[in-house]
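# Breakdown of the fold
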Amino acid sequence: MMQKGELIYRGLTEKRTKKFVVPRIQWKTAVNNVLMLLFCFLMGRAVILSEIAPFGVALFANVLQRKRNWGLYLLAAGLGFLSSGFNNFAFKYILAMGAVLLYGRILAPERRIRGDFHTALGVLLSFVLVNLLYVYLYGFLVYDMIVAALESIIGFLMVYVFSPVMDLFINSGKRRILSSQETISICIFFSLLITGFWNADLFGLSLKNIVSIAFVLLFSYVGGVGMGAAIGSVTGLILSLSGEPDPVFIGHFAVCGLMAGTFRGLGRLGTGCAFLLSNALMVFYINRSTDVLLSFREIAVSVIILMLIPLNMIEWLKQLFDSSQAIISKQKGYVNMDRLKELTINRLEDFSQVFHKLAQVFSKVSQYNVIKGKDGINKLLDLVASQVCSNCGLYKACWQRNFYSTYNNMFELISIVESAGTIKREHVPDEISKNCFQLDTVLDVLNETYEIYRTNCKWQQKIDECRSLVARQLEGISTVITRLAHELDIDIRFNKDLEDTILVELDKKGIHIKDVTVIEKPNGKIEVNIIKKSCGRRRECVRIIEKALSNIIKKPMSCNSKGCYASGEKECKLQFGESQRYKIVTGISRKTKQYADTCGDNYSSIPIEDGKHMLALSDGMGSGSRADAESSIVVSLLENFLEAGFDLDMTVHTINSVLVLRSREEMFATADLCVVDLVTASTDIVKIGAVSTFIKRKDHVDIIKAPALPMGILEEIQVETINVVLEDGDMIIMVTDGITDSIDSELDQDKWLADTISKCDTRNPQELADFIMEEALKQTNGIANDDMTVMVSRVWKPGI
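Residues numbered from 1 in each chain as written. Predicted model: local features only at pLDDT ≥ 70, side-chain atom pairs only at ≥ 80, totals over all residues. Heavy atoms only, no water.

## A short note on the overall build of the protein
Using the following cut-off: Starting at the N terminus, helices and strands are each numbered in turn, a helix being any DSSP run of H or I of at least four residues and a strand any DSSP run of E of at least two. Remark: exposure states derive from per-residue accessible area (1.4 Å probe, protein chains only) relative to the maximum for the residue type, with buried under 20%, exposed over 50%, and partly exposed in between. Contact between two residues is taken to exist if any of their heavy atoms lie within 4.5 Å; hydrogens are not considered. Only the protein chains shown count as covering a residue, and every accessible area follows the Shrake-Rupley method with a 1.4 Å probe.
Counting its regular elements, the protein contains 24 helices and 19 strands. Across the 800 residues in the protein, those meeting the buried criterion constitute 45%. Long-range contacts, defined here as pairs at least 24 residues apart, represent 69% of the contacts in the protein between residues at least 6 apart. Carbon and sulfur atoms make up 58% of the accessible area of the protein, which amounts to about 42,200 Å² in all.

## So, the environment of Ile608
Locating Ile608 in the fold gives a position in strand β11 (residues 601–608). Ile608 sits in the buried class, given a relative accessible area of 13%. Separated by 32 residues in the primary sequence, Ile608 and Asn640 place their C-alpha atoms 9.6 Å from one another. If near-sequence neighbours (up to four positions away) are discounted, Ile608 is found in contact with His613, Met614, Leu642, Glu643 and Val675.

## Description of helix α18 (residues 496–508)
The criterion, for reference: Given the number of residues in a helix, its expected span is that number minus one, multiplied by 1.5 Å.
Between its first and last C-alpha atoms α18 spans 19 Å; for 13 residues at 1.5 Å apiece the expected length is 18 Å, and the two agree. Three or more residues of α18 are buried, namely Leu498, Glu499, Ile502, Leu503, Val504, Leu506 and Asp507. Positive phi appears at Gly510, one or two residues downstream of α18, with a value of about 85°.

## Things to note about the sheet that holds strand β12 (residues 612–619)
Sheet strands associate in pairs through backbone hydrogen bonding, adopting either a parallel or an antiparallel arrangement. Put simply, the test is: When DSSP finds two or more bridges between two strands, those strands count as paired. Angles run from 0 to 180 degrees between N-to-C directions of axes, and those axes are lines fitted to C-alpha atoms, restricted for helices to the stretch in contact.
Judged by pairing direction, the sheet is antiparallel, and its five strands sit side by side in the order β11-β12-β13-β14-β17 without closing on themselves. Of all the strands in the sheet, just β11 and β17 (721–725) have a single pairing partner and so form its edges. Put simply, the sheet's adjacent strands are angled 15° from each other on average, direction ignored. Sheet analysis places strand β13 (residues 671–677) next to strand β14 (residues 682–688), joined by six bridges and oriented antiparallel. Note on β14: the bridge partner recorded for Ala671 is Ile688. Along the sheet, helix α20 (residues 624–643) makes contact with β11, β12 and β13, crossing β11 at roughly 10°.

## As for the nonpolar core
Selection criterion: Only buried residues count toward a nonpolar core. Its members are Ala, Val, Leu, Ile, Met, Phe, Trp, Tyr and Cys residues joined through side-chain atoms within 4.5 Å.
Within the largest apolar cluster, 77 residues are counted, with the highest numbers of intra-cluster contacts made by Met43, Phe55, Phe162, Phe189 and Phe275. For this core, the leading source of residues is helix α6 (residues 142–170), giving eleven residues. Apart from the residues within four sequence positions on either side, Met43 is in contact with Phe55, Gly56, Leu59, Phe162, Phe189, Leu192 and Leu193. Counting 25 residues, the second-largest nonpolar core is a separate cluster that includes Ile633, Phe646, Leu659 and Ala671.

## Overview of the environment of Lys424
Looking at where Lys424 falls in the secondary structure, it is placed in the loop between α15 (403–420) and α16 (430–435). What makes Lys424 partly exposed here is its relative accessible area of 47%. Sequence separation between Lys424 and Asp440 is 16 residues, and the spatial gap between their C-alpha atoms is 8.5 Å.

## Thoughts on the sheet that holds strand β10 (residues 583–591)
The five strands lie next to each other as β10-β19-β18-β15-β16, forming an open sheet whose pairing is antiparallel. Single-partner strands in this sheet number two, and they are β10 and β16 (701–704). Averaged over neighbouring strand pairs, the angle between their axes works out to 15° when direction is ignored. As judged from the four bridges shared by strand β15 (residues 693–696) and β16, these two strands associate in the antiparallel manner. Its bridge partner being in β16, Lys696 is matched across the sheet by Val701. Where helix α24 (residues 765–778) meets the sheet, its contacts fall on β10, β15, β18 (731–735) and β19 (788–796), and the angle it forms with β10 comes to roughly 25°.

## A few points about the side chain of Thr762
Inclusion rule: The definition of a polar contact used here is a pair of N or O atoms within 3.5 Å, where within protein one atom must be able to donate a hydrogen and the other to accept one, and adjacent residues in sequence count solely through side-chain atom pairs.
As for its placement among the helices and strands, Thr762 is situated in the loop between α23 (749–759) and α24. Look at Thr762 and you get buried, because its relative accessible area is 13%. Within the structure, the side chain of Thr762 is placed 2.7 Å from the side chain of Glu767, a separation counted as a polar contact.

## Observations concerning the pattern of salt bridges
Counted only if it meets this: Think of a salt bridge as a Lys or Arg side-chain nitrogen and an Asp or Glu carboxyl oxygen that are within 4 Å of each other.
Evaluated as defined, the whole model comprises nine salt bridges. With a shortest N-O distance of 2.7 Å, Arg697 and Asp730 are connected by a salt bridge. With a gap of 33 residues between them, Arg697 in the loop between β15 and β16 and Asp730 in the loop between β17 and β18 connect regions that are remote in the sequence. Of the two residues, Arg697 and Asp730, both sit in the buried class.

## A word on α15
Defined as follows: To be clear, the arc concerns the directions from the helix axis to the C-beta atoms.
In this model α15 runs 26 Å from its N-terminal to its C-terminal C-alpha over 18 residues, within 8% of the 26 Å that 1.5 Å per residue would give. Thr406, Asn409, Met410, Leu413, Ile414, Ile416 and Val417 are the residues of α15 that are buried. Buried residues of α15, viewed axially, fall in a sector of 155°; they line one side. Along α15, the residues that are exposed and aim more than 90 degrees away from the buried face are Tyr404 and Ser419. Once α15 finishes, Gly421 follows within two positions and takes phi at roughly 90°, a positive value.

## So, the packing of aromatic side chains
Quick note on the threshold: Only the six-membered ring of Trp is used, alongside the rings of Phe and Tyr, when aromatic pairs are assigned; centres must lie within 6.5 Å, and planes under 30 degrees apart are stacked while those over 60 apart are edge-to-face, with the rest tilted.
Summed over the entire model, instances satisfying the criterion amount to eleven aromatic pairs. Residues Phe39 and Phe189 carry aromatic rings whose centres are separated by 5.5 Å and whose planes lie at 85° to one another, so their mutual orientation is edge-to-face. Of this pair, Phe39 sits in helix α1 (residues 27–45) while Phe189 sits in helix α7 (residues 180–195); the two residues are 150 residues apart in sequence, bridging distant segments of the chain. Relative to Phe127, the ring of Tyr93 has its centre 6.0 Å away and its plane inclined at 70°; by these criteria the two rings are edge-to-face. One end of the pair, Tyr93, is in helix α4 (residues 88–107); the other, Phe127, is in helix α5 (residues 116–138), and 34 residues separate them in sequence. Taking relative accessible area as the criterion, Tyr93 reaches 0% and is therefore assigned buried. For Phe127, a relative accessible area of 1% puts it in the buried group. A network of ring pairs unites the aromatic residues Phe39, Phe162, Phe189, Phe190, Phe215 and Phe219 as a single cluster.

Spelled out as structure tokens, the structure:
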């Protein structure tokens, strides 16, 4: 393209001004077009196996798909075919280009923008038709048909090989990363270009060999060992096919490219010397003579050409290939991440076992103290006997001759003390009173000693309770850690191929990404995390990246990140997930119990990860501030766990463990939980001690119930997850028992509430919540006998 500038000219009288439009040449575009013409010409000359040359036609088909001034490129490719001579060989390919032009511009003009397949199909059909025409004109030979079929297939494949090269050539200034396909395509493309050079000699040097060696040297220096070996192999293969097939020639180029890439750290001159020495080594190994495959003078000229290439061009190429190597390094890092995850899980399980063993230790200590408490009675008996009976004159008569009778009598006294709290003479049986002459002293010592014993037992019991509580808490911590370890051990896969595709496709659009991670979650959803330089509030994340990701992943994607940096120096950390097909809105109606200071019900309606939305309703035991504290804890923990990505089962079990261990006093709370997937409208419902949930459909109301005890009563609870699929316009109605208990107990409360919901014809969830509350209060003459809460959520598709 040309930019137009204005040149003002004033006549001699300076009364009239004339404007001349002078075109300004865009040199970059001009050079690009000249190089493209040269490529078409050389590709027209490229021939393999002495009679197959579909490369010029395939390149012209790619140019026709992307360029407007196709006539010049048609002429350049045609001249390339004719340069080999005015014969049927050249005219056949010129005719094939005409067929491609006819297909692309006349027969299917709208298909040419749809992708490479239609372009490749046009090339395939063109070769089939032209070869059929030649068979009709010159006769049928099986060999010719085999060659024609091979030629048509190669032409079809070359469209896919040349397409990324053309895209890269047109947008070369914007690109920062090369994909593996693009790298291979470049190797094949330039190797075929080299075959288009004449077998001309300049001062006894082969022009084709010089260009080939320079090409291998350049990419060995830029890409390193792997690139050098690959370029050498492809170049040797193409050159071998274009002349006399020689497998030794392929291996020779591959080894020289490998060694040149190995020593690229020595600079361009060191790379050239490594290629030269490798050539000498291969000559000595293969021929055992001085008959060289590649002339040392040709290598020297190629090294000089490498030295003359501008440094900025080499740096640009290095950046392209270094970015590609960074992708490979990142893929290797995933192996280390998996190993690190495994080690983390093992450490967490070790910690869990430590707390489990500690819990067992404290439990055994408590059991030992129970056994020890039984021995205290015997010590109490011995203490009384030693303080009173040992100084009595009848000690031998009582404790030696009548030991069992005396022992039973003392135990009977202790039993009286335990039941009455203290013992007096009138409580003592007559048989014992007659036989004991120091009864008053025995009773005084027994009362005093038992009071001390009972006080010690009371404190010992408190200590045992504390130890038991600590054992339960340690066991609870062990269980929580085990569940955390299992949560880490979920099957999350990193899609490396998709990451590479996203990097390259966004790079083609001029968006240069620092890092991208694609996570495939167990539920089949895909999450894409991207780190890129800030665009300065130009909203590239929405305008470009969202559309590109949707096309690549074949699913509608949207950006979940909030905020945008205005400064270009900061980085944006973007997270993309599958677009939500549904929206949700919630209405709440609450009524505090009469004379209560605050409502004991709490609720939550928040978005969580993976495009889901959480609806939670909890009713604390009783009413007032204590019930509010209990239900608030449940709702808060539900929010924290589900926002962090924990699954429903683990969330409910962990919260139940926390409530059980939090206090020795009774602390109960119900949990009514709905998790709505706004991508698929699939809804998981969990009810722990909660009343029924209602779903208002278009023509009926569904009742969902699941009997279970509230949270905080049992250490282990059974969690039943009920899955339902919602439709556009459905409403979820969740209530506390204050609503259902207001209904006459003789009626079917669930059916009454379902009928009430059906009566209200509204699409506004707030109106429905207020209507249910009003109807419930009518049943109790407007008096709230318990905390009452109604939460209604409507799910709908935008635009419907």
